[in-house]
Amino acid sequence: MQRSWKDLVAEIVSRLPSHFELRDVLKYERELGLYYPNNSHIDAKIRQTLQVLRDQRVIAFEGRGRYSKINAAKPQFSPLIDFTVPLNITSRAQVARLVLETWAEFNLFCLNCDADSLVRLAANTPVADFECGVCEARYQVKGKDGRFSSVIPGAAYQPTIEAVRAGRCPDYLLIEYDRRFSTVVFGVAISGQSITENRVIARAPLGATARRAGWIGCTLRIEGLPMVSVVEPHVVDPATVRERWAANPREPT
Ligand SMILES: [Zn+2]
């Protein structure tokens, strides 16, 4: 069984004392790198992971790189997704990918069995990017700031068509977030079985100046496909809203 990032991190946290520092976690950078040899951003990923663990109420931040464990309870689902974490990555797209990927590793789960986490596949895996470590169901996770339209970006065209023909199309998890409020708003799942060949549209090959010149991606038409809700906006009760309203300054701050 493959080990998920969530499991690896849970093991590390269990080895740490009740109060620890960022550098205590960064000591495991090499060890974690062995499980993720293709990931050149382990340091950034560890920092992002601590953020998610805080949102899930596994640890608390005490400032100046100091943390404490809250309890040994199971991590709570958290819609918080913070893109402002300082990471030593400059590409906005790369930051978005890393932040979404880390959020997904701790908050998403297998839909086909009761596994509570998904394993990130190697970056060069065609078509899918996550796998269930137990039942091997494969997923492609897509994120968007705002709502998805009736087409979503797919992977490389040819491998996608081949996967559809062979009945090996992964299931899609579409995560819609709102960057302004650092929160995931909706998440839906679409079965890979519902994607037919005529829904896979080739894109124009990437230009000669692109890093992957000549690469042909695809888009997927998803209108009319059955979807299952995975994440829904949480409800705020009227009393809490009124409290916030009463405390809301009437003047600009
Ligand atoms: Zn599974």
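For the structure, check the block above.
Residues numbered from 1 in each chain as written. Predicted model: local features only at pLDDT ≥ 70, side-chain atom pairs only at ≥ 80, totals over all residues.

Positive phi, close to 65 degrees, is recorded for Glu 136, a residue that is not glycine. Positionally, Glu 136 belongs in the loop between β5 (130-131) and β6 (138-145). (Helix = DSSP H or I, 4+ residues; strand = E, 2+ residues; numbered from the N terminus.)

Moving on: the pairing of strand β9 (residues 183-190). Examined bridge by bridge, strand β8 (residues 171-178) and β9 share seven bridges and lie antiparallel to one another. Note on β9: the bridge partner recorded for Leu 173 is Ala 189. Pairing geometry for β9 and strand β12 (residues 228-231), over three bridges, is antiparallel. By the bridge assignment for β12, Val 188 is matched with Ser 229. (Pairing = 2+ DSSP bridges.)

Quick look at the sheet that holds strand β4 (residues 119-120) now. Taken in spatial order, the six strands of this open sheet run β4-β5-β6-β8-β9-β12, and their pairing is mixed. The sheet is open, and its two edges are formed by β4 and β12, each paired on a single side. As paired strands, β5 and β6 are joined by two bridges and run antiparallel to one another. Looking at β6, one finds that Phe 130 is bridged to Tyr 139.

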